[in-house]
Amino acid sequence: MAEGVIAPGQKRRDKGVQRILIEEDAIQQRVRELAADLDEIYGDETPLLIGVLTGAVTFMTDLMREMSSELKIDFMAVSSYGDDVTSSGAVRILKDLNENIEDRSILIVEDIVDSGLTLKYLLDVLQRRNPRDVKVVALLRKIKVDAIEVQTDLVGFEIPDEFVIGYGLDYAGRYRNLPYIGVLDPREYQGYEK
Ligand code: IMP
């Protein structure tokens, strides 16, 4: 098919997806399981769910609606400095929490753990604020040999070390509205700067 042509049944948003890695139904099923596990963990507590902007928004909104526990939410935005610099662990806060987390049970809700550096930074920052308990749920974790060891209490799916998009995850700001997780066609890397 000629470049730029959308295949029958495809939507404009699907263009650039090499293949679907996790179907919408499978994501929804797994989110329900994670929510059930979290309900069991939290019991009568009221955890504060902390969504890491922007990628975790879709996961966060689905997850919280599947949970029966009483809960509160807040968001934090962090920025990595790109591949060369992230290896040094340089991450900065773009938007901090509105809530005070001292003596509270918090649950960090992450879209994906890749090298683990962003999550490690977040954990360090939040631990210094003396929460009572910190847990982490990540929808995806990449299987890679050089990832650092970082606390991840619950993981939705372990995935191969490929660049994925959809269900909140982007490439150059696009693809967040795909209802599934897909692998980005490497040809899309050409001509775009993240
Ligand atoms: P880490 O610090 O290397 O673990 O990277 C974490 C952040 O990088 C995630 O929260 C995402 O924003 C982004 N990221 C890592 N891998 C991917 C990917 O495959 N697709 C989209 N974003 C990714």
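A. The arrangement of the side chain of Asp 39 in detail. Locating Asp 39 in the fold gives a position in helix α1 (residues 24–42). Of the buried charged residues, Asp 39 lacks a salt bridge, with Arg 32 as the closest side chain of opposite charge at 11 Å. Of note is the side chain of Asp 39, whose polar atom sits 2.9 Å from the backbone nitrogen of Ser 68. Setting aside anything within four residues of it in sequence, one finds Asp 39 in contact with Glu 66, Met 67, Ser 68 and Ser 69.

B. Representation of the site of the ligand. Of all residues adjacent to the ligand, which total 15 residues, the nearest are Asp 114, Ser 115, Gly 116, Thr 118 and Val 164. Within the contact set of the ligand, an oxygen atom lies 2.6 Å away from a side-chain nitrogen or oxygen of Ser 115. One nitrogen or oxygen atom from the side chain of Thr 118 is found 2.5 Å from an oxygen atom belonging to the ligand. Relative to its unbound accessible surface of 490 Å², the ligand loses 83% to contact with the protein.

C. Quick peek at the pattern of salt bridges. Counted according to the given criterion, the structure contains 16 salt bridges. We note a salt bridge from Arg 65 to Asp 62, for which the minimum N-O separation is 2.8 Å. Of this pair, Arg 65 and Asp 62 are both found in helix α2 (residues 57–66), three residues apart, which corresponds to roughly one turn of the helix. Using a relative accessible area of 60% as the deciding quantity, one classes Arg 65 as exposed. Through salt bridges that share partners, Asp 114, Lys 142, Lys 144 and Asp 161 make up one connected network.

D. Representation of unusual backbone geometry in the model. For the bond running from Leu 53 to Thr 54, omega is 0 degrees, close enough to zero to count as cis. The topology assignment puts Thr 54 in the loop between β2 (48–53) and α2. Despite not being glycine, Tyr 167 shows a phi value in the positive range, around 50 degrees. Relative to the elements of secondary structure, Tyr 167 occurs in the loop between β8 (164–165) and β9 (181–184).

E. Summary view of the environment of Gly 43. In this structure, Gly 43 sits in the loop between α1 and β2. Of the residues examined, Gly 43 reaches a relative accessible area of 41% and is grouped as partly exposed. Separated by 27 residues in the primary sequence, Gly 43 and Glu 70 place their C-alpha atoms 9.1 Å from one another.

F. Representation of the packing of aromatic side chains. Taken as a whole, this structure holds one aromatic pair when the rule is applied. Residues Phe 163 and Tyr 171 carry aromatic rings whose centres are separated by 5.9 Å and whose planes lie at 80 degrees to one another, so their mutual orientation is edge-to-face.

Definitions and limits used
- Residues numbered from 1 in each chain as written.
- Predicted model: local features only at pLDDT ≥ 70, side-chain atom pairs only at ≥ 80, totals over all residues.
- Heavy atoms only, no water.
- Helix = DSSP H or I, 4+ residues; strand = E, 2+ residues; numbered from the N terminus.
- Buried < 20%, exposed > 50% of the residue type's maximum accessible area, 1.4 Å probe, protein only.
- Lys, Arg positive; Asp, Glu negative; His and termini not counted.
- Salt bridge = Lys/Arg side-chain N within 4 Å of Asp/Glu carboxyl O.
- Polar contact = N/O pair within 3.5 Å; in protein donor to acceptor, adjacent residues only side chain to side chain.
- Contact = heavy atoms within 4.5 Å.
- Near = heavy atom within 4 Å.
- Areas by Shrake-Rupley, 256 points an atom, 1.4 Å probe, with all protein chains shown as cover.
- Phe/Tyr/Trp six-rings, centres within 6.5 Å; stacked < 30°, edge-to-face > 60°.

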